[in-house]
Every structure is written in structure tokens, then in C-alpha cells.
Amino acid sequence: MEILFQERILASKDWATVLFVLCFILITITKTFFEARFSEFLKLLVTDKYIKIYKDPSHMMSWFTISLFFVQLISFSFFALILLDHLGLADKNDSIKFIQIITLIGVFVLSKYLIEKIVATSFKIEEFTEQFNLQKVSYRTFLGLILLPINILLYYNDILPGFIIYFSLSTLLIINAFTYILSLKKYQNLLFSKMFYFILYLCALEIAPYYFMYYWFTRR
């Protein structure tokens, strides 16, 4: 009887493990140095006390926001990679593809933020955009933290049904839309006084960028 040996190639997941561990290290360090703020931040979906306390625009560039921004960036990039893997458009173990995704998302977010600052200055709605951006960043960072353990479960488990991915995606979109509506409702008095500029801002910076990003992904 002839025995045939077939080489089994296992994709390395070490790079992903390192990034997941890095995220938890950043969260731990942030919690240690900003214990009171982090505690209020974890209650964000229950109460808006965190938004009221840390509403000053200077908090946008604090180390608390910057460190958790990297966690958010890694978390959303992993989820995008897992979704593309499920759709057969990428391999979730492909570190090069992950670098491409995280670079794209990072450049997109930072470019959008800088353009928003320029447009807000031109339309004289700096007060609204600063408060609005701070609130959006806070909620999306919170969603990034929620998504992190889900990413770990989806990444290391190859037999989970696909509906878990779609359920997670739907939940994130619903929560994001809900928080967006809350933000608009909170600043409705300011919006009514500058309605024309807000409509231009909404079309140019809140709808068009996501449409072009979706178009680019579908074309690719």
C-alpha cells in the first residue's frame, strides 16, 4: 500500500494576535491613566453624562481619545476584513490586505476630519462641527470597543454561521444611526439657525464620502 503525504499549509495568525493584544494593552493603559473618564465613557449608551462633562473641543486631541482611536481603527479594520472574507473577496489571514484596509480607513477618517474643519470655518459653523464631531467620535470609539471581542470570536472561529456577521453589522449600523439622530436632536436649535450651511455640510461631508467609498469597494 502506497502512502501519499499531502502538505497542509496553515495560515499564520500571529500578526492578528499581536494586534489584539496591543488593543487590550492600550485599553488597560488608558483605563489606568484616565480611570474616572473611562468609567463615565463605559456608560455612554446609558447616559450622555460623558458628553456633557467632556464637551470641550480640546478633549478631541487628548491622549484618551488618541489611544482609543487606534483601538477603534484596528477593530473596524478587522471587522471589514472578516466581512470581505465571508463574501469571498479577501482572506482574513492576509496581513497585507489588513494593512491596505486600515490605511484606507485611517486616511479616510483623518482626511474627512480635516476637510470638515475647513468647511466649518468657511460656513462659520465651527461650534456645531466641533461638538458634533466630538460626540460622533465618542460613540464610534465605544462601538469599536464593543466590536473588539466580536472580532476575536469571528476571526479565530471558522465554523460560525454567516448570520452572526450580518447581525453584528446590522446592530452596528442601527446603533450608529440612532446616535447620529440623537446628536442632531441635541443641536437642533443651532441647526435651525444655520440650516442652509448644515444641508451643504451634510451632503458634502456626511453622505458623499460614504457613497464614494461604497462605490469604490463595489467597483473593486
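The paragraphs below set out a description of the structure included in this document. (Residues numbered from 1 in each chain as written. Predicted model: local features only at pLDDT ≥ 70, side-chain atom pairs only at ≥ 80, totals over all residues. Heavy atoms only, no water.)

1. Regarding helix α1 (residues 14–33)
In plain terms, the rule: Helix and strand labels come from DSSP, where a helix needs a run of H or I of at least four residues and a strand needs a run of E of at least two; each type is numbered from the N terminus. Here the expected span of a helix is defined as 1.5 Å times the quantity of residues minus one. Accessible area is worked out with a 1.4 Å probe on protein chains only. A residue is then buried under 20% of its type maximum, exposed over 50%, and partly exposed in between. The directions considered for the arc are those from the helix axis to the C-beta atoms.
In this model α1 runs 29 Å from its N-terminal to its C-terminal C-alpha over 20 residues, within 8% of the 28 Å that 1.5 Å per residue would give. Where α1 is concerned, the buried positions are Trp-15, Ala-16, Leu-19, Phe-20, Cys-23, Ile-27 and Thr-30. Along the axis of α1, the buried positions cluster into a sector of 140°, meaning they face one direction only. Across from the buried face of α1, at angles greater than 90 degrees, the exposed residues are Asp-14, Val-18, Thr-32 and Phe-33.

2. A look at the pattern of salt bridges
Spelled out, the test is: Any carboxyl oxygen of Asp or Glu within 4 Å of a side-chain nitrogen of Lys or Arg constitutes a salt bridge here.
Under the definition given, this model contains 1 salt bridge. Between Lys-49 and Glu-40 there is a salt bridge, with its nearest N and O atoms 3.7 Å apart. Residue classification places Lys-49 among the partly exposed positions, given a relative accessible area of 41%.

3. Observations regarding the side chain of Glu-40
What counts here: Contact between two residues is taken to exist if any of their heavy atoms lie within 4.5 Å; hydrogens are not considered.
Secondary-structure assignment places Glu-40 in helix α2 (residues 35–41). Overall, Glu-40 belongs to the buried group, its relative accessible area being 14%. When neighbours within four sequence positions are excluded, Glu-40 is seen to be in contact with Lys-49 and Tyr-50.

4. Considering the nonpolar core
For clarity, the threshold we go by: Definition used in this section: a nonpolar core is a set of buried Ala, Val, Leu, Ile, Met, Phe, Trp, Tyr and Cys residues joined via side-chain atoms within 4.5 Å.
Judged by nonpolar contacts, the single largest core of 38 residues is most densely connected at Trp-15, Phe-41, Phe-78 and Phe-98. Breaking this core down by element, the ones donating at least two residues are α1, α2, α3 (49–53), α4 (63–86), α5 (95–123), α6 (126–156) and α7 (162–186). Per element, the largest residue contribution to this core is 11 residues, and it comes from α4. If we ignore the near neighbours within four places in the chain, the residues touching Trp-15 are Phe-78, Leu-81, Lys-92, Asn-93, Asp-94, Ser-95, Phe-98 and Tyr-155.

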